[in-house]
Amino acid sequence: MKMSISTASTQPAAVAVRHHQRQYSQWFFLAPGLFVLLVLNIFPMLYSLWVSLHRLDLADPGLNAFVGLQNYWADLHNGEFLQSLGTTLIITVATVVVQFVGGFLIALALNRTDIRGHKIVASVLIMPLAISPLVIGILWRFMLNADYGIVIWLFHSLGIHAVNPIGTPLGAFLSVVGVYSWEWMPFVALFLYAAMLGLDRSPFEAAAVDGATPTQTVLRIMLPMLRQIFVILVLLQTVTAFRMFTIVDVLTAGGPGTVTQTLSYLVWQNGLNYFTMGTATSMSWIMVIIMSIFAALLIKVLKFEV
Amino acid sequence: MISAMVYRRASQIVAVLFLVLVSIIFLFPIYWLVSSALKSTGRLWAIPPKLLPNLGLGHVWHIIAVNHLGVFFWHSLIESVASTIVVLVLATMMAYSLSRHRWKHRTGIANFILSLKIMPPIAVIIPLYLMFTTIGLYDTVPGMIIVYTLFNLPLATWLMLGFMRQIPMELDESARVEGASDWQVLRHIILPLIKASLVGIGAVCVMFAWNDYIFAVSLTNTHAVTLPVATEGFLGDYIYQWSSFYASGSLEIVPMVILALILQRYLIRGLSMGALNN
């Protein structure tokens with residue numbers, strides 16, 4: 001239909017009728033998507049909650065029964081679970097720090113007006129975002145291999161020989177953090193760069209007139225202006241890192257031993273390798289609770305400060 | 001004054017060298033993967049490593065044909081594209097309802113949709129595995145389309161909500177005074193204004209689905225296997241098929257890298273909007 005903007009007045013009764021219709025049309029537009037989310041997301045989660053209160057062992061179904069909160073109790077006294085929780089928290093903090101330090105430095109360098117070629121670097125940085133973590137993980141496993149990896153060859157040709165990134169606990173930990181940061185640092189860098197481009201220029205000009213050093217300008221003017229974006233990005237990257245699975249699975253398989261075993265990996269092993277579904281679902285619910293508390297706290301902090 | 005100029009010059013050089021180093025760090029692994037797909041076995045293991053490939057594209061095509069990688073490519077394509085179309089339709093409708101209607105619970109529902117993003121995939125995979133094996137959706141293409149729809153819908157809705165909130169309400173109000181219905185406002189006023197956002201959000205959704213590993217490895221086995229799972233399959237516990245891995249990995253990443261470069265502008269906007277509007 002053809003529409004033109006005019007100032008023609010409408011009868012009050014007609015407006016009332018239309019308003020009444022709109023009361024329902026909001027639900028009409030919302031319903032299909034909400035239905036999909038409820039059926040596909042909420043129902044499985046509730047089902048998972050129900051399973052977590054049972055012993056559900058697909059490989060040994062004889063003793064399956066309702067056990068109440070026993071699975072949760074067992075998880076909290078399970079050394080492997082607690083160790084994985086600690087590993088996940090350490091890896092998450094380490095990778096978020098690396099991503100932000102590296103990403104912020106890259107964004108600062110890109111933000112300089114006296115350098116050309118921003119677009120080329122930005123194009124390079126967008127590529128890791130487009131590649132599957134699986135391929136990234138396996139590729140780095142080859143490149144870091146102690147016998148024939150190109151990175152190790154590089155170390156050797158520099159005269160450094162005692163490097164075995166994936167075979168030693170510390171090496172495996174650093175590899176997981178490094179490769180995961182390789183995957184996500186470009187995202188943080190591009191994001192912060194885009195945010196820097198959107199900043200109001202006048203405080204920076206005033207600082208230049210006052211003779212502020214570049215370091216002062218960044219610390220005293222730019223960082224406070226970017227605070228809200230930092231909080232949002234930290235939340236996003238923390239939630240994403242906390243669920244890390246693929247890089248761990250293909251790079252170290254949680255090893256050596258269980259040194260780099262993250263919670264997602266442990267839940268996956270329990271659920272889809274040992275088929276002890278009660279244990280897997282209760283562990284995953286503890287993950288959900290931890291993340292919800294973290295997100296709620298961060299959102300609260302954000303609301304207070306903005 | 002001179003020292004200030006020297007300082008500026010020095011920091012400029014440091015910044016350029018830093019960006020060159022950064023570019024090498026992020027570009028080289030991708031080059032190494034694709035060039036290794038074009039190397040003979042002897043060259044793959046040469047020490048010192050050989051940077052340049054020695055085989056043509058025929059080698060890759062041969063590996064793709066021998067391993068029937070086309071089937072997995074097709075699964076990846078149909079699952080990511082079909083789910084993205086469903087997601088875009090549902091997300092646009094939901095965002096329209098949440099941004100163009102002023103009603104009581106809209107903020108609550110919007111926050112609920114966002115909160116779904118916080119759930120770790122593994123938490124929903126275990127119950128989905130149990131449900132899918134029961135109702136016969138395990139290891140099927142429709143099952144995976146459903147999975148990627150549920151995976152992408154919260155983010156897409158949230159992104160779309162951010163874009164729609166930027167459109168002034170006066171536009172629809174004046175159309176409503178003219179007697180336009182909701183569908184007409186959505187089709188003739190909102191949609192033309194969010195075309196670019198649709199492209200960006202669609203690209204993000206296709207990439208997430210195409211690159212997914214955890215859902216695919218958990219919920220497929222034979223008949224709906226995507227490229228990442230097939231790629232992983234070349235590296236068994238005992239047999240490593242290096243050339244096949246490199247070819248399969250390249251087949252997987254090259255379309256997405258090209259897509260990302262073409263849609264670069266939309267993609268950065270889509271990704272940054274998503275986090276900025278909450």
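This one's a predicted model, so the numbers in the text were calculated from it and none came from an experiment.

Peer 1: Could you give an account of the confidence of the model for chain A, naming the residues involved and the relevant values?
Peer 2: Residue and element names in this part refer to chain A. On average, residues of chain A score 85 in pLDDT, and 91% of them reach the 70 mark or higher. The spread of mean pLDDT over the elements of chain A runs between helix 1 (residues 12-52), the lowest at 78, and helix 3 (residues 79-110), the highest at 95. Segment residues 1-13: pLDDT under 50, and 15 contacts once partners within four positions in sequence are set aside and those in other chains are kept.

Peer 1: Kindly report on the side chain of aspartate 212 of chain B, identifying the contributing residues and their values.
Peer 2: Summarising the element assignment, aspartate 212 of chain B is placed in the loop between helix 10 (195-211) and helix 11 (214-219). Among buried charged residues, aspartate 212 of chain B stands out as having no salt bridge; its nearest opposite-charge side chain is arginine 243 of chain A, 9.9 Å away. A polar atom in the side chain of aspartate 212 of chain B sits 3.0 Å from the backbone nitrogen of alanine 216 of chain B. With near-sequence residues (within four places) excluded, aspartate 212 of chain B lies in contact with Tyr148 and Pro228 of chain B.

Peer 1: Report on the domain arrangement of chain B, specifying residues and quantitative values.
Peer 2: Residue and element names in this part refer to chain B. According to the domain assignment, chain B contains domain 1 (2-56) and domain 2 (67-276). With 10 residues of domain 1 at the interface, the matching set in domain 2 holds 9 residues. Taken over both partners, the interface formed by domain 1 and domain 2 buries close to 710 Å², and the fraction arising from carbon and sulfur atoms is 79%. Counting the surface domain 1 buries against domain 2, the share from its top three residues, Leu33, Ala37 and Trp45, is 55%. Taken together, domain 1 and domain 2 are joined by 0 salt bridges. Between the two partners, domain 1 and domain 2, sit 0 residue pairs in polar contact (both at pLDDT 80 or more). Elements that contribute at least two residues to the side of domain 1 that touches domain 2 include exactly helix 1 (2-36) and helix 2 (41-44).

Peer 1: Tell me about the pattern of salt bridges, residues and numbers included.
Peer 2: Overall, the coordinates contain 5 salt bridges over all chains when judged by the stated rule. Ionic pairing is found between aspartate 57 of chain A and arginine 55 of chain A, a salt bridge with its closest N-O pair at 3.7 Å. With a relative accessible area of 12%, aspartate 57 of chain A lands in the buried category. Judged by its relative accessible area of 25%, arginine 55 of chain A is partly exposed. Put simply, aspartate 172 of chain B and arginine 100 of chain B hold a salt bridge, and the shortest N to O gap is 2.8 Å. With a gap of 72 residues between them, aspartate 172 of chain B in helix 8 (residues 169-177) and arginine 100 of chain B in helix 4 (residues 69-100) connect regions that are remote in the sequence. Of the two residues, aspartate 172 of chain B and arginine 100 of chain B, neither departs from the other in class, the shared state being buried. A single salt-bridge network, built from bridges that share partners, covers Arg55, Asp57 and Asp60 of chain A.

Scoring rules and cut-offs
- Residues numbered from 1 in each chain as written.
- Chains lettered and ligands numbered in written order.
- Predicted model: local features only at pLDDT ≥ 70, side-chain atom pairs only at ≥ 80, totals over all residues.
- Heavy atoms only, no water.
- pLDDT = per-residue confidence, 0-100.
- Helix = DSSP H or I, 4+ residues; strand = E, 2+ residues; numbered from the N terminus.
- Contact = heavy atoms within 4.5 Å.
- Buried < 20%, exposed > 50% of the residue type's maximum accessible area, 1.4 Å probe, protein only.
- Lys, Arg positive; Asp, Glu negative; His and termini not counted.
- Salt bridge = Lys/Arg side-chain N within 4 Å of Asp/Glu carboxyl O.
- Polar contact = N/O pair within 3.5 Å; in protein donor to acceptor, adjacent residues only side chain to side chain.
- Domains from an automatic or database assignment.
- Buried area = accessible area lost by both parts, 1.4 Å probe.

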